[in-house]
Amino acid sequence: MSLTEQVRSGDRLSLARLLTLIENEDQQGITVLGELYANTGSAHVVGITGAPGTGKSTLVNHLALALRQGDDGKTNDDKVGIIAVDPSSPFSGGAILGDRIRMRDLAGDPGIFIRSMASRGALGGLSRTTHSVSQAMDAAGFQWILIETVGAGQAEVDIASTAHTTIVIDAPGRGDDIQANKAGILEIADILVVNKADLPGAENTRRILELALHMAAPKDQDESTTSDRSNWEPPVIATIATEGEGIGELKAAVLEHQSHLQISGEHETRERSRVVHQLQTMLRDSLLDRFLEDDSSKRFDAMVETVLLRQQSPIEAVGKVLDEVNT
Amino acid sequence: MAKTTLRVLIAKPGLDGHDRGAMVVARALRDAGMEVIYTGLRQTPEMIAEAALQEDVDLVGLSILSGAHMALVPRVLELLKSQKQDNVKVLLGGIIPDDDLPKLKDLGVAAVFGPGTNTKDIIRIVHEITSLKPDVAN
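Fair warning: this is a prediction, and the values are worked out from it, not measured in the lab.

Caption draft 1: Seen up close, the overall build of chain A. Regarding its fold elements, chain A presents eleven helices and eight strands. The globule rule puts the C-alpha radius of gyration for 327 residues at 20 Å, and the 21 Å found for chain A is close to it. Principal-axis analysis of the C-alpha atoms places the extent of chain A at approximately 65 × 55 × 40 Å. The buried share of chain A, reckoned over its 327 residues, is 40%.

Caption draft 2: Local environment of the overall build of chain B. The number of helices and strands found in chain B is five helices and five strands. Helices and strands appear in chain B in the N-to-C order β-α-β-α-β-α-β-α-β-α. Since a compact globule built from 138 residues should have a radius of gyration of about 14 Å, the 14 Å found for chain B is in line with a globular shape. The principal-axis extents of the C-alpha atoms in chain B amount to approximately 45 × 30 × 25 Å. For chain B, the proportion of contacts with a sequence separation of at least 24, taken over those separated by at least 6, is 74%.

Caption draft 3: Region of the structure containing unusual backbone geometry. The phi angle at Glu25(A) is positive, at roughly 50°, despite the residue not being glycine. Among the secondary structure elements, Glu25(A) is positioned in the loop between helix H2 (12-23) and helix H3 (27-36).

Caption draft 4: Region of interest: the interface of chain B and chain A. Across the contact, 31 residues belong to chain B and 31 residues belong to chain A. Looking at the side of chain B that touches chain A, the elements that each hand over two or more residues are helix H1 (20-31), strand S2 (35-38) and helix H2 (45-55) of chain B. Looking at the side of chain B that touches chain A element by element, the count peaks at seven residues for H2(B). Among the residues making up the side of chain B that touches chain A, the classes are represented as 14 nonpolar, eight polar and nine charged. In terms of strand pairing, strand S3 (residues 95-97) of chain A meets S2(B) through three bridges, oriented parallel. Bridging from a neighbouring strand, Leu97(A) pairs with Ile37(B) of S2(B).

Caption draft 5: Up close: the domain arrangement of chain A. Residue and element names in this part refer to chain A. Domain parsing of chain A yields domain 1 (1-38), domain 2 (40-266) and domain 3 (295-326). For domain 1 versus domain 2, the distance between C-alpha centres works out to 26 Å. On the domain 2 side, the residues contacting the 13 residues of domain 1 number twelve residues. Elements represented by at least two residues in the side of domain 1 that touches domain 2 include exactly helix H1 (3-8), H2 and H3. For the side of domain 1 that touches domain 2, the element with the highest residue contribution is H2, accounting for six residues. The residue makeup of the side of domain 1 that touches domain 2, split by class, is eight nonpolar, one polar and four charged.

Caption draft 6: Representation of the packing of H2(B) against helix H3 (residues 69-82) of chain B in the model. Residue and element names in this part refer to chain B. At a closest axis distance of 9 Å, the pairing of H2 and H3 adopts a crossing angle of 40°. When the axis of H2 is compared with that of H3, the two are oblique. Regarding H2 and H3, the two cross each other, and that crossing is right-handed. Residues Pro-45, Glu-46, Ile-48, Ala-49 and Ala-52 of H2 lie in contact with H3, whose contacting residues are Leu-72, Arg-75, Val-76, Leu-79 and Leu-80. Each residue belonging to the contact of H2 with H3 can be placed in one class, and the counts come to eight nonpolar, no polar and two charged.

Caption draft 7: Structural view of the sheet that holds strand S5 (residues 144-148) of chain A. Residues and elements named next belong to chain A. Pairing in this open sheet of seven strands is parallel, and the strands run S4-S2-S5-S1-S6-S7-S8 from one edge to the other. In the strand order of this sheet, the two ends are held by strand S4 (112-118) and strand S8 (236-238), each with one partner. Taken over all neighbouring pairs, the strand axes of this sheet differ in orientation by 20° on average, direction set aside. In this sheet, S5 lies alongside strand S2 (residues 80-86) in parallel orientation, the contact comprising five bridges. Paired with Ile-83 across the two strands is Ile-147, which belongs to S5. Relative to the sheet, helix H4 (residues 56-67) contacts strand S1 (44-50), S2, S4, S5, strand S6 (165-170) and strand S7 (191-194), its axis offset from that of S5 by approximately 175°.

Caption draft 8: Broad picture of the pairing of S6(A). Residue and element names in this part refer to chain A. Of all the six residues making up S6, six are buried; the element is thus mostly covered by neighbouring parts of the structure. Here S6 shows a buried face lined by Thr-165, Ile-167 and Ile-169 and a second buried face lined by Thr-166, Val-168 and Asp-170. Taken together, the five bridges between S1 and S6 define a ladder with parallel strand orientation. Among the inter-strand pairings, Gly-47 is bridged to a residue of S6, identified as Thr-166. Judged from the four bridges that link them, S6 and S7 form a sheet pairing that is parallel. Within the sheet, the bridge partner assigned to Val-168 lies in S7 and is Leu-192.

Caption draft 9: The confidence of the model for chain B, seen in detail. All names here are of chain B. Predicted confidence across chain B gives a mean pLDDT of 90, with 93% of residues reaching 70 or more. Throughout residues 132-138 the model reports pLDDT below 50, and contacts reaching past four residues in sequence, or to other chains, amount to seven contacts. Reported confidences for the modelled complex are a pTM of 0.90 and an ipTM of 0.89.

Caption draft 10: The arrangement of the confidence of the model for chain A in detail. All names here are of chain A. When pLDDT is averaged along chain A, the result is 88, and 91% of the positions lie at 70 or above. For chain A, per-element mean pLDDT is lowest for helix H6 (residues 177-181), which scores 65, and highest for S5, which scores 97. Across residues 222-228, confidence stays below pLDDT 50; counting only partners more than four residues off in sequence or on other chains, it has four contacts.

What counts, and where the lines are drawn
Residue indices begin from 1 for each chain and proceed along its sequence in written order. For naming, the first written chain is A and the first written ligand is 1, with later ones following in the order written. In keeping with the model being predicted, local features are shown solely for residues with a pLDDT of at least 70 and side-chain atom pairs are shown and tallied solely at 80 or more, while totals for entire chains, interfaces and linings include all residues. Segments assigned H or I by DSSP are reported as helices when at least four residues long, segments assigned E as strands when at least two residues long, and all are numbered from the N terminus. We compute the radius of gyration from the C-alpha atoms alone; for a globule the expected value is 2.2 Å times N to the 0.38, where N is the number of residues. Exposure classification rests on a simple neighbour count of other C-beta atoms within 10 Å of a residue's own: a residue reaching 20 or more is buried, one at 12 or fewer is exposed, and one in between is partly exposed. C-beta atoms are placed from the backbone. Here contacts are defined at the residue level, using C-beta atoms placed from the backbone and a cut-off of 7 Å between them. Residue polarity follows a fixed list, in which Ala, Val, Leu, Ile, Met, Phe, Trp, Tyr, Cys and Pro are nonpolar, Asp, Glu, Lys and Arg are charged, and the others, Gly among them, are polar. Two strands pair under a simple rule: DSSP has to find at least two bridges between them. For every domain, the bounds stem from an assignment made automatically or drawn from a database. Geometry is summarised by axes, namely lines fitted to C-alpha atoms with helices restricted to the contacting stretch, and by angles between N-to-C directions that run from 0 to 180 degrees. Oblique is the label for every angle not falling under 35 degrees (roughly parallel), over 145 degrees (roughly antiparallel), or within 65 to 115 degrees (roughly perpendicular). Crossings are sorted by hand: turned counterclockwise from the far helix by less than a right angle, the near helix makes the crossing left-handed, and turned clockwise it makes it right-handed. A score between 0 and 100, pLDDT records how confident the predictor is in each residue.

Structure follows, in structure tokens:
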């Protein structure tokens, strides 16, 4: 059986090997993912992001447990794939991937597959190949894919163009209301979570976030002027992830957002912008790779020198090289 | 452009109370450019084999201080084999009496590191072992 067929049949070792090939941008991985691509599109991808130490991994652990359970409390057939991204060292390229530590409750469940990924130099909170890894899990029959980003600050918003539903996690004591009104990570939230709700100040954090959201989308606003987030007002949910508290509410919110996307037609809109984003990013990365690989005349090295000597600005140097490449 | 980065699982099977040594090794391998999946304390052999499978690692490093290595290590090796993860190399660190070394090597442990091992030696041996790794493609 070929690797493609093995992955399609649900063989976990083959899936694991395929994910490595994809991550290494190996030609075989690209070929197999191409063969599997027609099988993708049925998974619901949930992104989980937030600052380091807010409890992302712990929350993913409990959300995965909840998604594996039907309303009757029994294990259901929905398989859950988890992708946990941690940062690579900018110096050695190495990484410590420690998200599994918080996900030990998930061990032994054949309906769950956890893959840790290093960011490998990417800055948006994911790695270059996270999107493709998610698609491979989709093709392998995972109904839910949870992607946990690198601990994010204010601007790591790539997850919003990869996930269908983005959960942003905050915790008490992390700044005042001006932080909540800055552009960036809060804007991408479909669901906001205030984790560690047992800590002092949690209620205050929740109120600040709700107020900030309300300023963004007042309920009485004329329908024609509402944003393209299409009338979805992100709920703010208080959780204590270590205790599993608030997880039922969170799961309900995810399901509600999923059906909102379907009913409002927003699902198609997001799929389109997902494809646009992925193509643009890949095109950019591949063009740069190709340019550097093919750079036999050492144009790039020359650019570095002229900019260092301040003979031209970086933008001029890039403009000139592009003109040369195009002619 | 195909890249390869060594992926290593560092795991602590059994009931050890601390993981300082395992953390030191994990950190050293990170600084040598490897991706180290760290699973934390009190892992069962089943959890370790499953994590190795999902993460598709080249290498599993086990740290055992409790003296239970002759029970835990063979179980991990057995599971790896039964799951067709024969290509995964297993290293062992911790408090391991010299008398057990021949038996552990026979079972298939690639190397054993006792207290005080220089992390540079660990990295060198990791590189030696993994360059012998057969091609896993298909």
